[in-house]
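# Per-entry structural report
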Amino acid sequence: MSSDVVLATEKVTQGYGGPDVLRGVDLELRAGEGLALLGPNGAGKSTLLRLLAGLHKPRKGSISLRGRPFDPSDPDHRRSVGFVSHESFSYEALSAPENLRLAAKLYGLTKTESDITTLLGDLGLGWASKRPVREFSRGMGQRLSLARALLHDPPILLLDEPFSGLDPSGIESLSELLAARRRGGCAILMTSHDLSHLAPVATRLAWLHRGRALDTELDPADIPSVEAAYRERFAGAAR
Amino acid sequence: MTGYFRTVAALVGKDLLLEWRGRETLTSMALFSVLLVVVFGFAFQAQAIDPGSQAPGLLWIAFTFSGVLGLHRTMAVERENGCLKALLLAPIERSAIFLAKFIVNVILLAVMEIVTVPLFSILLRVSVLPCLPELALIAFAGTVGFASVGTLLSTISSGSRLREVLLPILLYPLWVPIVVASVELTGYALTGRPMWEGTDWWTLIVVYDVVFLAAGTLLFDVMLEE
């Protein structure tokens, strides 16, 4: 596995007018690595991912992409990242292939219909290609979001709860797909509340609590003890 | 540069396809303008309307009030499901998003105007056929102006909780110059006055169009920063 750092944050701080959501987060993501970001609700995981995707600028601190300052206005930087959020990023009146065809045009890709059909098939949406997205279930919408993020083969994937809404077969096939991408050199940063889904993909765990990165070098092999510690910490946070 | 215009074309195609599938924007705009014209027709059924002083104002009231409905809706579709964020994540010039929305707004407004003018002519007994080319040119120039301002301001308002109220509040004051100029020139056209007599109004329209189209292209990125 390469040790190249592809994405790094230094003292990143972010807020929305009230108390800061992120407070001086230092994090590194390396090529071929699967970093799972854990933490209770409100810890700042989604905010951090949105910053790393370039949707917002941090109030303080810096983000670097392959050693250079991350510039969201640079098309090459945007092309480097595939992002899945809680929103589907899809036009409901269009079908899945139509949404992906538009994305392909915007990313300057020369994807054929066959490429799009194959990608949708890999994510279990081949059978629904004629339906408008408004008829999709939550899980189907999530699969389409993933297809959109993977379409341009980005070297970095930022996935906010990618397994959310998926059925067991979807979780398994997505885990395999992400693990294969990671082995191919893709750097993956993802959040999830269910640690059991992370095992095939995660090579490292990091803990975010009240905007601070507390542990960033946890071993996924320790998932059962990490899970116990996570629940205790989560219960502790509630108190 | 060709990549830029390919992006604009892809976004325009997407919006027109969405409108074709839903027909919400055009239907609401056209119905509202027809309603206004019908009300005007009833209000003026007892007396002949003056084509120089009364008809132009009534026509542009129909255009502008219906236009606000369309401007609000074309940007609202991007706020659903985070589609605007998806466009911001794509490696495209953000001004291409503005230009595409502007073009779509001009097209939809033009269709609404094409529906409105014949009905206006019939119900208010104003002859438009002799001056149709001039009227089309004035309508196009005026529409470019208020579509450019409207596209820019609908971007701001669509992100607000008060979006339904905020857009008209922001738009109407800025629309005054273009609407006044368009009304004056429409009066010239309907009364058969030569267009060169309205040079000052034409200058105002052209400058307004250029300034706000340029401003929209340059400021769109800034308007989007949350």
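Calculation rules
- Residues numbered from 1 in each chain as written.
- Chains lettered and ligands numbered in written order.
- Predicted model: local features only at pLDDT ≥ 70, side-chain atom pairs only at ≥ 80, totals over all residues.
- Heavy atoms only, no water.
- Helix = DSSP H or I, 4+ residues; strand = E, 2+ residues; numbered from the N terminus.
- Rg over C-alpha atoms; globule rule 2.2 N^0.38 Å.
- Contact = heavy atoms within 4.5 Å.
- Areas by Shrake-Rupley, 256 points an atom, 1.4 Å probe, with all protein chains shown as cover.
- Lys, Arg positive; Asp, Glu negative; His and termini not counted.
- Charge placed at Lys NZ, Arg CZ, Asp CG, Glu CD.
- Buried area = accessible area lost by both parts, 1.4 Å probe.
- Salt bridge = Lys/Arg side-chain N within 4 Å of Asp/Glu carboxyl O.
- Nonpolar A, V, L, I, M, F, W, Y, C, P; charged D, E, K, R; others polar.
- Pairing = 2+ DSSP bridges.
- Axes fitted to C-alpha atoms, helices over the stretch in contact; angles between N-to-C directions.
- Domains from an automatic or database assignment.
- Polar contact = N/O pair within 3.5 Å; in protein donor to acceptor, adjacent residues only side chain to side chain.
- Parallel < 35°, antiparallel > 145°, perpendicular 65-115°, else oblique.
- Left-handed = near helix turned anticlockwise from the far one by under 90°.
- Core = buried A, V, L, I, M, F, W, Y, C linked by side-chain atoms within 4.5 Å.
- Buried < 20%, exposed > 50% of the residue type's maximum accessible area, 1.4 Å probe, protein only.

### Side note on the overall build of chain A
Scanning chain A for helices and strands turns up seven helices and 10 strands. Radius of gyration (C-alpha) of chain A: 18 Å, near the 18 Å computed for a compact globule of 239 residues. For chain A, restricting intrachain contacts to residue pairs at least 6 apart in sequence, the fraction spanning at least 24 positions comes to 67%. Of the roughly 10,400 Å² that chain A leaves accessible, carbon and sulfur atoms contribute 49%. For chain A, the separation between the mean place of its 30 positive charges and that of its 29 negative charges on side chains is 5 Å.

### Describing the interface of chain B and chain A
Contact with chain B, which involves 23 residues of that partner, is made by 24 residues of chain A. Counting the surface lost from both chain B and chain A, the interface buries some 2,200 Å², and carbon and sulfur atoms represent 62% of this. Applying the counting rule to chain B against chain A returns two salt bridges. Among the salt bridges present, the one from Lys-85 of chain B reaches Glu-87 of chain A, with a minimum N-O distance of 2.8 Å. Put simply, the parts of the chain that give the side of chain B that touches chain A at least two residues each are α1 (2–22), α3 (55–79) and α4 (83–89) of chain B. By residue number, the principal contributor to the side of chain B that touches chain A is α1 of chain B, which donates seven residues. Considering only residue class, the side of chain B that touches chain A consists of 13 nonpolar, three polar and seven charged.

### What to know about unusual backbone geometry
Of note, the phi angle at Arg-66 of chain A is positive, near 50°, even though the residue is not glycine. Along the polypeptide, Arg-66 of chain A turns up in the loop between β4 (60–65) and β5 (68–69). Phi at Asn-81 of chain B is positive, roughly 60°, even though this residue is not glycine. Along the polypeptide, Asn-81 of chain B turns up in the loop between α3 and α4.

### Quick notes on the sheet that holds strand β2 (residues 22–30) of chain A
All names here are of chain A. On the basis of which strands lie adjacent, the open sheet formed by four strands has the order β2-β1-β4-β5 and antiparallel pairing. A strand with exactly one partner marks an edge of an open sheet, and here the two such strands are β2 and β5. Alignment of strand β1 (residues 5–14) against β4, held across five bridges, turns out to be antiparallel. From the neighbouring strand, Glu-10 faces β4, where its bridge partner is Ser-62. The strands touched by helix α1 (residues 45–53) within the sheet are β1, β2 and β4, with β1 carrying the most contacts at an inclination of about 120°.

### Regarding the domain arrangement of chain A
Residue and element names in this part refer to chain A. When cut into domains, chain A gives domain 1 (1–80 + 154–239) and domain 2 (87–153). Of the residues lining the interface, 19 residues belong to domain 1; the matching set on domain 2 comes to 12 residues. At the boundary of domain 1 with domain 2, total buried surface from both sides reaches about 1,300 Å², with 58% on carbon and sulfur atoms. Of all residues in domain 1, Pro-154, Leu-177 and Arg-181 bury the most surface against domain 2, accounting for 33% of the area lost on that side. Taken together, domain 1 and domain 2 are joined by two salt bridges. Seen at the junction of domain 1 and domain 2, the total is six residue pairs in polar contact (both at pLDDT 80 or more). At the level of elements, α2 (75–79), β7 (156–160) and α6 (168–183) are the ones that each hand at least two residues to the side of domain 1 that touches domain 2. Top contributing element to the side of domain 1 that touches domain 2 by residue count: α6, with five residues.

### Regarding the packing of helix α5 (residues 94–123) of chain B against helix α8 (residues 199–224) of chain B
All names here are of chain B. Relative orientation of the contacting elements α5 and α8 amounts to 135°, with a least axis distance of 7 Å. Considered as vectors, α5 and α8 are oriented oblique to each other. By crossing handedness, the relation of α5 to α8 is classed as right-handed. Facing Arg-94, Ser-95, Ile-97, Phe-98 and Phe-102 of α5, the residues of α8 in contact are Leu-213, Gly-216, Thr-217, Phe-220 and Asp-221.

### What about the nonpolar core?
Ranked by internal contacts, the top residues of the largest apolar core, which has 107 residues, are Leu-7 and Leu-158 of chain A together with Leu-124 and Trp-175 of chain B. No other element matches the 13 residues that α5 of chain B contributes to this core. Counting contributing residues, this core receives three or more from each of domain 1 (1–80 + 154–239) and domain 2 (87–153) of chain A. Leu-7 of chain A has contacts with Leu-27, Glu-28, Leu-29, Leu-52, Ile-63, Ser-64, Leu-65, Ile-156 and Leu-158 of chain A, leaving out every residue within four places of it along the chain. Residues Phe-163, Leu-174, Cys-186 and Ile-188 of chain A belong to the second largest nonpolar core, which totals 38 residues.

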